[in-house]
Amino acid sequence: MIVVLRKGSGETEIQEVVGRLSEAGFSVHISQGVEKSLIGAIGDRSRIEELSLEALSCVEKVVPILAPYKLVSREFHPEDSVITVGGQRIGGPEIQVMAGPCAVESREQILETAAAVKEAGANFLRGGAFKPRTSPYSFQGLGEEGLRYLAEAREKTGLLVVTEVVDARDIELVASYADILQVGARNMQNFLLLKELSMLDKPVLLKRGLSATLEEWMMAAEYIMAGGNYQVIFCERGIRTFETYTRNTLDLTMVPALQLLSHLPVIVDPSHGTGKWQLVPPMAQAALAAGADGLIVEVHPCPEKAVSDGKQSLNLENFREMMKRLEKIARVLGRSLKGVAGE
Ligand code: PEP
Ligand code: MN
């Protein structure tokens, strides 16, 4: 249910409505827009009648949200949500690029990559310290040592750190180093992890599950918002289809579809989405054209020696070239990709 307050309603009116709803057992979420304030109420719908909210002078209307996702929906928050982290905005006119290796492999590797992607115009450094691998015998990540290297790279470059958390027991540790916590495709429906992240005051990058529908994906985001963490960023990273030439099928339709149904920012991962570095720049361009708020891209100083995902990683030179092209596209789209040196 959404309670729409009349224009000009302030804190007193909000509290009056919130008080009544809470008393009737509803969990309450406030969405303050430029024009109006909305109050999302989740609970027993049959009790809404007896509250007679529409009789209050500050209430314009009470509308049910029919979709299963509530807080994630555009009805709850009609304007685009902009997530601010470390002075950077995600979901505004800026295009944000997150770049770095699949896995943090060594201090030198991460510091070299960080300096190069910063120079090329990225604002965020990605890199996994905890790796969810298909095989238990593959490299599982450097753990806390990897997190320390990421934090050192942030100190040296000013880049913000995005890294994956695979286990609810590691949230506190990862959050103590990271600016954004990534939930990987394999964990999109790890509801325990999502519930724990809902109590965190840090943005969560929610990757689409390998075979998740749009609705399942939005419900995963709903888990995070329902616990009070509204800082969720969707990341399309390709899904499994019958095609085997590419690692996954990058489903760019999700960008405008999510923007239609949700207020949350959407970014695209053309690296896991294609599995081939040659396909990354064209699909990154397509993602911006489709309206994505940013990209997360795998970059490695020496992809042929990478311990994971080398085939889909751009080298430093190819990343720089891609960024120059993306900057031009961003400009045409009326958006900006700051920090990219012109030709
Ligand atoms: C990654 O970002 O390195 C990763 C494991 O991604 P995904 O969860 O999308 O497979
Ligand atoms: Mn990877």
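What counts, and where the lines are drawn
- Residues numbered from 1 in each chain as written.
- Chains lettered and ligands numbered in written order.
- Predicted model: local features only at pLDDT ≥ 70, side-chain atom pairs only at ≥ 80, totals over all residues.
- Heavy atoms only, no water.
- Core = buried A, V, L, I, M, F, W, Y, C linked by side-chain atoms within 4.5 Å.
- Buried < 20%, exposed > 50% of the residue type's maximum accessible area, 1.4 Å probe, protein only.
- Helix = DSSP H or I, 4+ residues; strand = E, 2+ residues; numbered from the N terminus.
- Domains from an automatic or database assignment.
- Contact = heavy atoms within 4.5 Å.
- Near = heavy atom within 4 Å.
- Polar contact = N/O pair within 3.5 Å; in protein donor to acceptor, adjacent residues only side chain to side chain.
- Areas by Shrake-Rupley, 256 points an atom, 1.4 Å probe, with all protein chains shown as cover.
- 1 Å grid on protein atoms, 1.4 Å probe; cavity = no way out; pocket = protein on both sides within 12 Å on 5 of 7 lines; lining within 4 Å.
- Sits in = over half its atoms within 2 Å of the grid points.
- Nonpolar A, V, L, I, M, F, W, Y, C, P; charged D, E, K, R; others polar.
- Pairing = 2+ DSSP bridges.
- Donors = N, O, S within 2.8 Å, 3.2 Å for Na, K, Ca; no water.

1. Quick look at the nonpolar core
Val-97, Leu-181, Leu-197, Leu-206, Phe-234, Leu-295 and Phe-319 are the most contacted members of the largest nonpolar core, which totals 80 residues. Of the residues forming this core, the biggest block, seven residues, is contributed by helix H7 (residues 214-226). Split by domain, this core shows at least three residues from each of two domains, domain 1 (2-63) and domain 2 (83-337). Residue contacts for Leu-295: discarding those within four places in its chain leaves Gln-96, Val-97, Met-98, Ile-267, Val-268, Pro-270, Ala-284, Ala-287, Leu-288 and Leu-326. Val-3, Ala-24, Ile-48 and Val-59 belong to the second-largest nonpolar core, a separate cluster that totals 18 residues.

2. Brief notes about the site of ligand 1
In the vicinity of ligand 1, the residues found are Cys-102, Arg-126, Lys-131, Glu-164, Gln-182, Gly-184, Ala-185, Arg-186, Lys-207, Arg-237, His-272 and Glu-298. Within the side chain of Arg-186, a nitrogen or oxygen atom sits 2.9 Å from an oxygen atom of ligand 1. The contact in question runs from an oxygen atom of ligand 1 to an N or O atom on the side chain of Arg-237, over 2.6 Å. Protein burial of ligand 1: of its 300 Å² of free accessible surface, 97% is covered by the chains. Under a 2 Å grid-point criterion requiring more than half of the atoms, the pocket assigned to ligand 1 is the largest pocket. Among the residues forming the shell around ligand 1, the class breakdown is two nonpolar, three polar and seven charged.

3. Here's the deal with the pairing of strand E2 (residues 27-32)
Relative to strand E3 (residues 37-42), E2 runs antiparallel, the two sharing six bridges. Bridge pairing in E3 links Gln-32 to Ser-37. Counted between consecutive antiparallel strands, the loop separating E2 from E3 contains four residues.

4. Remarks on the coordination of the manganese ion (ligand 2)
The protein atoms that coordinate the manganese ion (ligand 2) are Cys-102 (SG), His-272 (NE2), Glu-298 (OE) and Asp-309 (OD), at distances of 2.0 to 2.4 Å. For the manganese ion (ligand 2), all donor residues lie on one chain, and their spacing in sequence is C-x169-H-x25-E-x10-D. Of this pair, Cys-102 sits in the loop between strand E7 (96-100) and helix H3 (107-120) while His-272 sits in helix H9 (residues 270-274), and the two are 170 residues apart along the sequence. Pair check on accessibility: Cys-102 and His-272 agree, each one buried.

Remember, this is a structural readout, not a statement about activity or role.
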